[in-house]
Amino acid sequence: MKLTIERERLLRSLQHAQGVIERRTTIPILSNILLKADGGTLALTATDMDIAIVERVECMVAQPGATTVPAQTLFDVVRKLPDGAELEIASGGEQNQLVVRCGRSRISLATLPSEDFPAMTEGELPHGFAMGAKALCEIIDRTRFAMSSEETRYYLNGIYIHPAREEDEPKLRIVATDGHRLARVELSLPDGADEMPGVIVPRKTVGEIRKLIDDAGEEEVAITLSDTKIRVEIATTVLTSKLIDGTFPDYDRVIPFANDKTLQVDPRNFAKAVDLVSTIATEKTRAIKLSLDDGSLVLSASSPDAGSAEEQLEVEYADGPLEIGFNSRYLLDIAQLIGDDGARFMLSDGTSPTLVRDNADPGALYVLMPMRV
């Protein structure tokens with residue numbers, strides 16, 4: 001294999017591959033990245049056997065071929081070479097190494113045979129649809145903060161995507177919950193998604209897709225899936241992942257649509273107040289108290305070690321006195337996602353779940369479980 005490639009193009013592709021590769025793997029070949037040059041492109045493939053990413057980048061191929069090299073080492077080498085450089089990459093020879101040349105620099109890397117690199121078989125992916133990269137970015141950002149990281153409840157370690165109906169309108173619904181909070185976003189059902197099964201996309205896959213979107217601009221994203229796998233194509237990159245084999249809980253049962261007390265807040269001012277008061281909150285619980293009365297919201301926190309803090313906000317509220325506690329981090333996560341049109345908190349009492357709506361987006365809702373303060 002012999003080729004010439006621009007440093008920036010190679011570096012960007014290696015950055016995408018980095019997130020997929022497990023650093024602590026006991027299988028040496030899984031620490032490597034597969035490089036395959038042919039027909040004017042270099043294909044870079046990385047996998048941890050649960051996710052595989054293949055990215056094609058333009059280059060000048062003098063001699064087609066394939067090999068594998070340690071991904072982290074190659075990334076570090078390319079990252080430290082000068083901006084705007086052209087790299088000459090060649091493999092083979094008696095020692096069967098990969099040689100990277102740039103100006104007066106020459107770096108040799110150990111390789112493993114490309115034939116030993118595992119292929120992640122996709123099988124049939126019968127369901128497919130397309131959506132804009134910006135729309136996919138928004139639904140990921142509005143839900144992934146609520147994913148669980150508890151290994152015991154593995155079926156919550158991702159986002160649940162499924163078709164649904166809302167007031168007889170077909171929707172694509174995306175849900176995440178960790179048992180303490182829930183995020184649900186929906187949008188018009190894309191063509192081809194009506195027969196898709198409900199699937200749980202793992203948190204690592206969600207993170208890698210989100211990274212790819214950052215470099216995609218206004219590209220359209222093609223999504224195909226089955227009961228067990230999902231494939232996402234963005235520009236010249238294809239990411240394939242296994243899905244979580246589990247049953248997502250009946251989340252509708254925890255959404256409190258009958259709450260009768262309404263609090264309207266400016267999310268920017270509210271977030272600043274929560275952030276300030278939470279400085280004093282106990283590190284373990286991060287608990288703050290919201291004390292409501294007509295037209296007024298008082299946020300407070302106290303800690304045996306740090307002291308106490310309190311801030312008062314003028315708000316739209318006219319449903320009588322109420323005290324309720326929340327994890328401040330959860331409040332901030334939601335407030336930062338809501339636009340300037342305001343947030344609407346639908347409350348019942350100090351021990352029942354609270355529903356949060358974005359005034360600008362009727363398709364988004366959030367549920368917060370209260371905590372004792």
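A. Seen up close, the overall build of the chain. Across its full length, the chain holds 6 helices and 26 strands. The principal-axis extents of the C-alpha atoms in the chain amount to approximately 80 × 50 × 35 Å. In the chain, which comprises 373 residues, the proportion classed as buried is 52%. Here the analysis covers contacts within the chain between residues at least 6 apart in sequence; of these, 67% occur between residues at least 24 apart. Counting only carbon and sulfur atoms, one obtains 45% of the accessible surface of the chain, whose full area is about 18,400 Å². Between the mean site of the 40 positive side-chain charges and the mean site of the 60 negative ones, the chain shows a separation of 6 Å.

B. Quick look at the sheet that holds strand β15 (residues 220-225). Reading across the sheet, the 8 strands line up as β6-β2-β3-β4-β17-β16-β15-β10 and stay open at both edges, with antiparallel pairing between neighbours. At either margin of the open sheet sits one strand with a lone partner, and together these are β6 (65-70) and β10 (127-132). Strand-to-strand twist across the sheet, computed as the mean angle between neighbouring axes with direction ignored, equals 15 degrees. Looking at chain direction, β15 and strand β16 (residues 229-234) are connected through 5 bridges and run antiparallel. Residue pairing for β16: Leu-225 is matched across the bridge by Ile-230. The strands touched by helix α2 (residues 71-80) are β2 (32-38) and β6; relative to β6, the strand with the most contacts, the crossing angle is about 90 degrees. With respect to the sheet, helix α3 (residues 133-141) is in contact with β10 and β15, its orientation differing from that of β10 by roughly 95 degrees.

C. Quick peek at the sheet that holds strand β21 (residues 307-314). Strand order in the open sheet made by the 4 strands is β21-β20-β19-β23, with antiparallel pairing throughout. Looking at strand neighbours, the two that pair on one side only are β21 and β23 (322-327), the edges of this open sheet. Here the strands of the sheet are splayed against their neighbours by 20 degrees on average, with no regard to which way each runs. Direction of pairing for strand β20 (residues 296-303) relative to β21: antiparallel, over a ladder of 8 bridges. Across the sheet, Ser-303 pairs through a bridge with Gly-307, a residue of β21. The sheet strands contacting helix α5 (residues 267-277) are β19 (287-293), β20 and β21, and the helix crosses β21 at an angle near 170 degrees. Of the strands in this sheet, β19 and β23 are in contact with helix α6 (residues 328-335), which crosses β23 at around 85 degrees.

D. A look at the side chain of Thr-67. Residue position: Thr-67 is located in strand β6. Setting aside its immediate chain neighbours within four residues, Thr-67 contacts Met-1, Ile-33, Leu-34, Leu-35, Ser-91, Leu-98, Thr-111, Leu-112 and Ser-114.

E. Local environment of the pattern of salt bridges. This model, assessed by the stated rule, comprises 25 salt bridges. Measuring nitrogen to oxygen at the nearest pair gives 2.9 Å for the salt bridge that ties Glu-22 to Lys-204. With Glu-22 in the loop between α1 (7-18) and β2 and Lys-204 in helix α4 (residues 203-214), this pair connects stretches of sequence that are 182 residues apart. By relative accessible area, Glu-22 is classed as partly exposed at 41%. Classification of Lys-204 as partly exposed rests on a relative accessible area of 24%.

F. Seen up close, the pairing of strand β3 (residues 41-47). Within β3, 6 of the 7 residues are buried, which leaves the element mostly enclosed by the surrounding structure. Taken together, β2 and the strand that follows it, β3, pair antiparallel across an intervening segment of 2 residues, in which Gly-39 is found at a positive phi of about 60 degrees. In this sheet, strand β4 (residues 51-58) lies alongside β3 in antiparallel orientation, the contact comprising 7 bridges. Counted as the bridge partner of Thr-45 is Val-54 from β4. Count of turn residues in the β3/β4 antiparallel hairpin: 3 residues, of which Met-49 carries a positive phi of about 80 degrees.

What counts and how
- Throughout, a residue's number is its position along its own chain's written sequence, starting from 1.
- Reporting in this predicted model follows two pLDDT cut-offs: at least 70 for local features of residues, and 80 or more for side-chain atom pairs to be given and counted; totals over whole chains, interfaces and linings ignore these cut-offs and use all residues.
- Side-chain descriptors were evaluated using all non-hydrogen atoms of the structure, hydrogens and water having been removed beforehand.
- Each helix corresponds to a stretch of at least 4 residues labelled H or I by DSSP, and each strand to a stretch of at least 2 residues labelled E; elements are numbered beginning at the N terminus.
- Each residue is assigned to one of three classes by its accessible area relative to the maximum for its type, calculated with a 1.4 Å probe on protein chains only: buried under 20%, partly exposed between the two thresholds, exposed over 50%.
- Whether two residues touch is decided by their heavy atoms; if any such pair falls within 4.5 Å, the residues are in contact.
- Here the open area of atoms and residues is found with the Shrake-Rupley method and a 1.4 Å probe, where only the protein chains shown may cover a residue.
- His residues and chain termini do not enter the charge count, which takes Lys and Arg as positive and Asp and Glu as negative.
- For charged residues, the charge sits on one atom: NZ in Lys, CZ in Arg, CG in Asp, CD in Glu.
- Should DSSP find at least two bridges between two strands, the strands are regarded as paired.
- Axis lines are fitted to C-alpha atoms, over the contacting stretch for helices. Their N-to-C directions set the angle, which ranges from 0 to 180 degrees.
- Salt bridge criterion: a side-chain nitrogen from Lys or Arg within 4 Å of a carboxyl oxygen from Asp or Glu.

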